[in-house]
Amino acid sequence: MSKTVLISGAGIAGPSLAYWLHRYGFSPTVVEVATTPRPGGQTVDIRGVAREVVDRMGLMPAIKARLMHERGLEYVTASGRRAAAMPVDLLGGDGPVAELEILRGDLAQILLDATAGNVEYLYGDSVTALAEDERGVVATFREAGDRRFDLVVGADGVHSRVRSLAFGPEAEYVKHLGGYGAFFTVETPEPLDGWMKIYSAPGGRWVGLRPDHQAGRAKALLSFRSGPISYDRRDIEEQKSLLAKTFAGVGWHAPSILEQLPEADDFYFDTTSQVVVPEWSRGRVVLVGDAGYCGSPLAGHGTALSLVGAYCLASELALAEGNHVRAFPEYQLRMQAYVEQRMELPPGGIKMAMPMTAAGIMLRNLSTRLMTSRPFRPLLAKAAAGGPDQISLAPYDGLSAPAKGADSIPARRS
């Protein structure tokens, strides 16, 4: 039985997978390029079947204790007047702002706490090479040298290092959707009263503010439309400079946010991209979450896909008694329809969400007011929900951590 598993990435998918692997009797090690757990970040949501997964982990009380309790999304004009709004209860808690909203850093910390003492974490390191043979995979670390594992998992996001090493160049799997976005914490320039507020400026630019747990603080969002840009992903100062130039002269609270940009210590910047990998495994290496399937922030289900994907992958390995040749194809078979369903982009994609012209912004606001009006709400709810999650977790109902000395795992149920 394959027992030792290296997981690259300590975001959401990595610690979730480590939790389940340990529970099933495996020995996971998580390597993370950042030197410490990453705080802050954007607000993420837990939707659909992912709620069942966190229930099975016993983490729902901890998650509910850290929820943001947002009231919804509000488009505003340069003067701050409401142009259109989507309250959180409009679509039964599954709209653009969901019922279960939590800061990414808070969710990651909950997962880290759930694995504390049971999982080895290697911070400030990364995998530089993988060499597979009949006995396993030798991983070469930038700092820790060579170590052998039975299996290796890429849970390291859109720009996955493991995927590049085992599957090929990023350009083969990552599709740029025409946008970039940044998140960081600021002193809020106005009380948000629980609302996520978005100001759209011509040129496909978004300036957003979301509530924070700390009074007087907010999560700032700066997003813009653009073709591919050449920049150093490790050079934060270069990224901040790019944002300062892009949003110079923009109204609403952009000047206040830009003034605080240089000192932001939880800054995150990335492309708006979609990840499509036809087969999620190569030999003893497998992908989970954004590394293997990502619809982009426009699709809005990345956290759910990571939580559910980690659970399914670990459970299939448990059912197969560590035999990756059996487990990896079953994992993809179980997840495929759900992934395809939740990677679908909303109508109009980035063009509808971030218009380039003042006329386009007015049209988007008008259509939002129309679709959220009482006569059209059933149609909007149907379009937003996209149908029930195309996945069942029933085959894993009988799984649990093997008792001490146990030598078997419950048989698969179709």
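Definitions and cut-offs
Residues numbered from 1 in each chain as written. Predicted model: local features only at pLDDT ≥ 70, side-chain atom pairs only at ≥ 80, totals over all residues. Heavy atoms only, no water. Helix = DSSP H or I, 4+ residues; strand = E, 2+ residues; numbered from the N terminus. Rg over C-alpha atoms; globule rule 2.2 N^0.38 Å. Buried < 20%, exposed > 50% of the residue type's maximum accessible area, 1.4 Å probe, protein only. Contact = heavy atoms within 4.5 Å. pLDDT = per-residue confidence, 0-100. Phe/Tyr/Trp six-rings, centres within 6.5 Å; stacked < 30°, edge-to-face > 60°. Pairing = 2+ DSSP bridges. Axes fitted to C-alpha atoms, helices over the stretch in contact; angles between N-to-C directions. Core = buried A, V, L, I, M, F, W, Y, C linked by side-chain atoms within 4.5 Å.

A. Main features of the overall build of the protein. Looking only at helices and strands, the protein has 12 helices and 19 strands in total. Relative to the globule expectation of 22 Å for 414 residues, the C-alpha radius of gyration of the protein, 22 Å, shows essentially globular dimensions. With the C-alpha coordinates aligned to their principal axes, the bounding extent of the protein is approximately 65 × 45 × 40 Å. Per-residue burial for the protein yields a buried fraction of 55% across its 414 residues. Long-range contacts, defined here as pairs at least 24 residues apart, represent 70% of the contacts in the protein between residues at least 6 apart.

B. Spotlight on the confidence of the model for the protein. Confidence along the protein averages 90 in pLDDT terms, with 91% of residues attaining 70 or more. In this model residues 401-414 is a low-confidence stretch, pLDDT under 50, and it forms 23 contacts with partners more than four residues away in sequence or in other chains.

C. Layout of the packing of aromatic side chains. Scanning the model with the defined rule gives 16 aromatic pairs in all. Summarising the aromatic geometry, the rings of Phe224 and Phe247 are spaced 6.3 Å apart at their centres and angled 80° between planes, so their arrangement reads as edge-to-face. Taken together, the residues Phe224 in strand β15 (residues 217-225) and Phe247 in the loop between α6 (236-246) and α7 (254-260) connect sequence positions 23 residues apart. A residue is classified by how much of its surface remains accessible, and Phe224, at 3% relative accessible area, is buried. The exposure class of Phe247 is buried, given its relative accessible area of 1%. Aromatic pair Tyr311 and Tyr396: ring centres 5.4 Å apart, planes at 80°, arrangement edge-to-face. With Tyr311 in helix α8 (residues 302-319) and Tyr396 in the segment after α12 (377-385), this pair connects stretches of sequence that are 85 residues apart.

D. Seen up close, the environment of Leu258. Its location among the elements puts Leu258 in helix α7. Judged by its relative accessible area of 18%, Leu258 falls in the buried class. Separated by 27 residues in the primary sequence, Leu258 and Tyr231 place their C-alpha atoms 20 Å from one another. Leave out the neighbours within four places in its chain, and Leu258 touches Leu222, Leu243, Ala244, Phe247 and Ala248.

E. Expanded view of the sheet that holds β15. The mixed open sheet is built from 8 strands, whose spatial order is β5-β4-β13-β14-β15-β12-β16-β19. Each having just a single partner strand, β5 (82-87) and β19 (293-294) make up the two edges of the open sheet. Pairing of strand β14 (residues 205-211) with β15 involves 7 bridges; the strand directions are antiparallel. Residue pairing across strands places Pro211 opposite Ala218, the latter belonging to β15. Sheet contacts for helix α11 (residues 358-371): β4 (72-76), β5, β13 (195-201) and β14; angle to β5, the most-contacted strand, approximately 40°.

F. Region of the structure containing the nonpolar core. Of all hydrophobic cores here, the largest spans 84 residues; its most connected members are Val308 and Met335. Top contributing element to this core by residue count: α8, with 12 residues. Leave out the neighbours within four places in its chain, and Met335 touches Trp280, Tyr293, Leu305, Val308, Gly309, Cys312 and Ile391. In this structure, Ala182, Tyr231, Phe247 and Ala254 belong to the second largest nonpolar core, which totals 26 residues.

G. Focus on the sheet that holds strand β7 (residues 120-123). What the 6 strands build is an open sheet, ordered β7-β2-β1-β11-β18-β17; its pairing is mixed. Of all strands in the sheet, those with a lone pairing partner are β7 and β17 (281-282), marking the two edges. Pairing geometry for strand β1 (residues 4-8) and strand β2 (residues 27-32), over 5 bridges, is parallel. Across the sheet, residue Ile7 finds its bridge partner in β2, namely Val30. Helix α1 (residues 13-23) rests against β1, β2, β7 and β11 (151-154) of the sheet, and its axis sits at about 165° to β1.

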